[in-house]
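Spelled out from the first residue to the last, the chains are:
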Amino acid sequence: MKFLLVTLIGFLFISCKTDKKAEPYKSDLKLTENLSDFTTRMTEKDTVKILAELNMEWWIRRDELTITKKNNQIILQTIIKEDTTFEGKYQMRTNELPRKVIKNTDNSFEKHFKNKIERTKDKTVRQYIYKIISPNDTLIFYTDGLGDKGGEVRDYYKFMNHYYPDNKEFRFPDVEIEEVDDISF
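Residues numbered from 1 in each chain as written. Predicted model: local features only at pLDDT ≥ 70, side-chain atom pairs only at ≥ 80, totals over all residues. Heavy atoms only, no water.

A. Local environment of the overall build of the protein. If you tally the helices and strands in the protein, you get 5 helices and 7 strands. Counting from the amino terminus, helix and strand elements in the protein follow one another as α-α-α-β-β-β-β-β-α-β-β-α. Counting only residues that meet the buried cut, the protein has 36% of its 185 residues in that class. In the protein, 50% of the contacts between residues at least 6 apart in sequence involve partners at least 24 apart. Put simply, the protein shows about 13,100 Å² of open surface, and 53% of that area lies on carbon and sulfur atoms. (Helix = DSSP H or I, 4+ residues; strand = E, 2+ residues; numbered from the N terminus. Buried < 20%, exposed > 50% of the residue type's maximum accessible area, 1.4 Å probe, protein only. Contact = heavy atoms within 4.5 Å. Areas by Shrake-Rupley, 256 points an atom, 1.4 Å probe, with all protein chains shown as cover.)

Encoded structure:
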């Protein structure tokens, strides 16, 4: 009987000491190696953030895209922050767009960034257009001057309009060009 009691107490003591804590999740996702298909390689515990820095002259806008995976579907969440004064006063309006399940069977989402991978090489230019942040690394895509930035913003709008076709956030305003008959300098 004593042997049984000592054995039982010993077993309880040992089992209390060996409680294993759940190890924290360690992602295998690396943008530097998997940019062309990172949404396919994501797990439901991974999150990828994309910051689109669209600022030009007095226009200040930053879009924050969050990519997650749930039930093997890719979810896109977009938040737009824009200065409403056009005077650099940083009176920001925030617009959180509806979450979208994106169909990405051909990795078209990633192709937009993969086609621009050369923009990550030159770090001497100080403005960036995209910063893509994964659990293990970050890629920064740079632009070269105002004209280049404008072209990249236009390309980004076209890209995002594909995912939010009914939203005016990704459409340029119509511009009317007025013809003048007699101009002299």
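Past the structure itself, the notes keep going.
B. Structural context of helix 5 (residues 145-163). Across its 19 residues, helix 5 extends 28 Å between first and last C-alpha, which sits within 8% of the 27 Å expected from 1.5 Å per residue. Residues K149, E152, V153, Y156, Y157, F159, M160 and Y163 constitute the buried set of helix 5. Across the axial projection of helix 5, the buried residues extend over an arc of 165 degrees, all falling on one side. Across from the buried face of helix 5, at angles greater than 90 degrees, the exposed residues are G147, R154, K158 and H162. (Expected span 1.5 Å × (residues − 1). Arc of directions from axis to C-beta.)

C. Looking closely at the packing of aromatic side chains. In this structure the tally under the stated criterion is 14 aromatic pairs. Ring centres of Y157 and F170 lie 5.9 Å apart, and the angle between their planes is 85 degrees; on these two criteria the pair is classed as edge-to-face. Linking Y157 in helix 5 with F170 in the segment after helix 5, this pair joins segments that are 13 residues apart in sequence. Taken as a pair, Y157 and F170 share a single burial class, namely buried. Aromatic ring contacts, followed pair by pair, group F38, F109, F113, Y130, F141, Y156, Y157, F159, Y163, Y164 and F170 into a single cluster. (Phe/Tyr/Trp six-rings, centres within 6.5 Å; stacked < 30°, edge-to-face > 60°.)

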